[in-house]
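These are the residues of each chain, in order.
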Amino acid sequence: MPRLDVDALSKSYGTVQALTGTTFSVAAGEVFGFVGSNGSGKTTTMRIILGVLTADDGEVRWDGQPVDAAVRRRIGYMPEERGLYPKMKVGDQLTYLARLYGLSGADAKEAMARWTERLGVAERVDDEVQKLSLGNQQRVQLAAALTHSPDLLVLDEPFSGLDPVAVEVMSHVLAEESERGAPVLFSSHQLDLVERLCDRVGIIKNGRMVAVGTLDELRRTDKPRWIIDGPPGDDWLGEVRRARIVSREGTRTVVEVEADGDEQPVLQAALRLGPVREFSLSRPSLTDLYRHVVSSEDPGEGEGTR
Amino acid sequence: MKQSAWSMIALVASREIRTRIYSKVFVLTSGLFIVAIVGGGAFFHFFAPDGQNEQTVGVTSEVTPLALTIEAVGDGLGTDITVSEVDREQGEKQVSDGDLDALVDGPLPNVEVVVEDELDGTLRTVITTVVQQEALGEQISDLGGDPAAVAQQVAGAEPQVTSLDGGEERDPAQIIAGFVSGILIFIALMGGGQRVAQGVVEEKASRVVELLLATMRPWQLMAGKVLGNIVVGVLEVGIIAAAAVGTAWGFELLDTSSLAVGTVALWVLVWFLVGFVMYALVLASLAALVSRQEDVGSVISPVIGIMMVPYIIGVSIAPWDPESTLVETLSYIPFCSPFIMPIRIALGTATMPEVLLSIGLSVVLIPLLIWLAGRIYSGAILRTGARVSLRQALKADT
């Protein structure tokens, strides 16, 4: 299956610049996590991919070609603020939406039955959407994005407001869809989930992509940091060169070295002082990375743009 | 997997139709209309002063010669009188049973009229006339004249009526048809227009519109909504019209000899379509400006107000005075004509070229309206939150 390229998108609402040269891509079978604070441009980007909004500049390509109406109909979309007819029955609603995506009446019914079963809302098919709990409404919303077996998934905050069981169901479905070969793009504020589910991550800030890559790529820092559990005191490093203590908590010390290999003298120095119970490379979590990226540079957050 | 614009429009329209028709409101209002119309018809049929239209009179053998004259005079006054011969005793019994409205007994010329309660006004006139004629005839014979010749002379003397208004004779049936056409069009346009507006806001408020617009263009969604609601409106008008025509026919309430019901109904339908397309486009685009159901009223009320004016003029002036300058002028003005022209047509005061000119003036406007409504709708439908101004909507590039 082809890849999705988002290339140098720009969009402004009046005087507010929502996107500036936003660029990233999602390969076939890849789960891409899109993170950024509120109003940073995630939803705007997704709406442009869907063609619901038009970009001022830049383009979205699918398989190297600009996305047109036919391609857009192959996207499974979950809008940020859920969108379903409150007074329409779940089953009718999903069938209707599937038909809008081009399924025949019978296929649409079959797909509706299959996905409500898979997502655990099958027994609510004859209820009006407004009678469902928010979590179940969200399952229906996901079903609406999946009934037409899309080639690409674009999900805006699919996990917000879900209970842990629903999060598991949602995670499994996303994994399955990417195994099927569909690129999956989703946004979330739940960074632990993004870290767990995503092959690649993009961090957006004030409409600009500030970091894109696999988690390992993002974690790779210029100066490796090592965690050592054992040696006491604040100055045990002594004469070891090209290394410095960054922080210390109890018996654990974080040491930053200049380059790979420089950690060996550190370990030897530590062993000379006594037993070492742990010696490992410090891998910053996505939350650490995100905090680092978002708090740096210009402090002015974009206004409420979507 | 590419779907044609038409199949998208058809899908949207069929959803509109299904949700509306199966809704409780639709079933309930249609039911109420039918009950009201049939009930009203039945009321007229059974409780209207029907004595004026059909009277039964019994005559005893002494006054049998009067029977034919009574029927003839009754006809002249627009009253059907059935005369039967009975004897006194039998006749009195039938009068008290209500089978006879009056029993006429001799001897001539001073006849006796037996009634249960009091003598019906028309019947009194008829019998008095007959008796007086009888008396007059007798006098004429006594004077040596020929009563038949005199009667002929008298019948030939008829006043000539000159109408200063120059107005042609209008049948009550035409007035009723005009009145009913005006009300039907109003109900259908008002109801349908509001349904379109509420539907647009429902989609915007629930954000489902974002999902829909990922599969189709805004104009397709709007066209589907308008089309679907046209069908619902036609159905609604059809149910009411069928109930009305059926009631009128079943209870013999309308003398339709001077009225081409089919033609009038067809024109009502045509004007409904013209009016609906125009008002639905305007209301749909205005409704797209707001994000909450409770704000719909504020944006569409100016349009509703504009609908009221031609409607009120239409039903309060047009049926009685269809040739007034105000009525004639408004029947050409787009947005007013759908309420007024059908009334003029029902009353038979609009010529075909006039009707076609009026339709033409409206139809010419429709492409412009589609363009304008499409711009406003697409510019506003995705902007949730505060009310979008018309200027913002028109300036938007998406």
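In what follows, the accompanying structure is described. What you see as residue numbers is a count from 1 along each chain, following the sequence as written. Whichever chain is written first is A, and whichever ligand is written first is 1; the rest continue in order. Given that this is a predicted model, residues contribute local features only at a pLDDT of at least 70 and side-chain atom pairs are listed and counted only at 80 or more, while totals for whole chains, interfaces and linings are drawn from all residues. Values reported for side chains reflect all heavy atoms of the structure, with hydrogen atoms and water molecules removed beforehand.

Section: the pattern of salt bridges
Between side chains of opposite charge, a pair can form as their charged atoms come close.
And then number 1: By convention in these notes, a salt bridge is any Lys or Arg side-chain nitrogen within 4 Å of a carboxyl oxygen on Asp or Glu. Taken as a whole and judged by the stated rule, the model has 31 salt bridges over all chains.
And then number 2: Residue Asp216(A) pairs with Arg283(A) through a salt bridge whose shortest N-O separation is 2.9 Å. Here the residue Asp216(A) occupies a position in helix 8 (residues 215-219), and Arg283(A) occupies one in the loop between strand 14 (278-281) and helix 10 (286-295), the gap between them amounting to 67 residues.
And then number 3: Accessible area is worked out with a 1.4 Å probe on protein chains only. A residue is then buried under 20% of its type maximum, exposed over 50%, and partly exposed in between. With relative accessibility at 52%, the residue Arg283(A) sits in the exposed group.
And then number 4: Across the pair Asp97(B) and Lys93(B) runs a salt bridge, and its minimum N-O distance is 3.2 Å. Linking Asp97(B) with Lys93(B), this pair stays in helix 4 (residues 88-97), spanning four residues, or about one helical turn. We count a stretch as a helix when DSSP gives it H or I for four or more residues in a row; a strand needs E for two or more, and each element gets its number in order from the N terminus.

Notes on the side chain of Gln138(A)
Residue and element names in this part refer to chain A.
And then number 1: Relative to the assigned elements, Gln138 resides in helix 5 (residues 134-146).
And then number 2: Identification of polar contacts relies on pairs of N or O atoms within 3.5 Å, with a donor-acceptor requirement for protein atoms, meaning one able to donate a hydrogen and the other able to accept it, and with residues adjacent in sequence counted only if both atoms are side-chain atoms. Polar side-chain contacts of Gln138 include one of 2.7 Å to the backbone oxygen of Pro158.
And then number 3: In what follows, residue pairs with any heavy atoms lying within 4.5 Å of each other are defined as contacts. Not counting residues up to four positions away in its chain, the partners in contact with Gln138 are Met78, Arg82, Glu157, Pro158, Phe159, Ser160 and Leu162.

Comments concerning helix 9 (residues 218-250) of chain B
And then number 1: Residue count minus one, scaled by 1.5 Å, sets the expected span of a helix. For helix 9 of chain B, built from 33 residues, the straight-helix expectation of 48 Å at 1.5 Å per residue is met to within 8% by its first-to-last C-alpha distance of 47 Å.
And then number 2: Immediately beyond the C-terminal end of helix 9 of chain B, within one or two residues, lies Glu252(B), with a positive phi of roughly 50°.

Describing the packing of helix 3 (residues 90-100) of chain A against helix 4 (residues 105-118) of chain A
Residue and element names in this part refer to chain A.
And then number 1: It is the contact of helix 3 with helix 4, at a shortest axis distance of 8 Å, that shows an interaxial angle of 125°. Compared by their axis directions, helix 3 and helix 4 come out oblique. Between helix 3 and helix 4 lies a crossing of right-handed hand. In this structure, helix 3 contributes Val90, Gly91, Leu94, Thr95, Ala98 and Arg99 to the contact, and helix 4 contributes Gly105, Ala108, Lys109, Met112 and Thr116.
And then number 2: As a working rule, the residues Ala, Val, Leu, Ile, Met, Phe, Trp, Tyr, Cys and Pro are called nonpolar, Asp, Glu, Lys and Arg charged, and the rest polar, with Gly in that last group. Partitioning the contact of helix 3 with helix 4 into residue classes produces five nonpolar, four polar and two charged. Only the stretch in contact is used when a helix axis is fitted, and all axes are lines through C-alpha atoms; the angle between N-to-C directions ranges over 0 to 180 degrees. Relative orientations are named as follows: roughly parallel for angles under 35 degrees, roughly antiparallel for angles over 145 degrees, roughly perpendicular for angles from 65 to 115 degrees, and oblique for any other angle. Here a crossing is taken to be left-handed if its near helix is turned anticlockwise relative to the far helix by less than a right angle, and right-handed if that turn runs clockwise.

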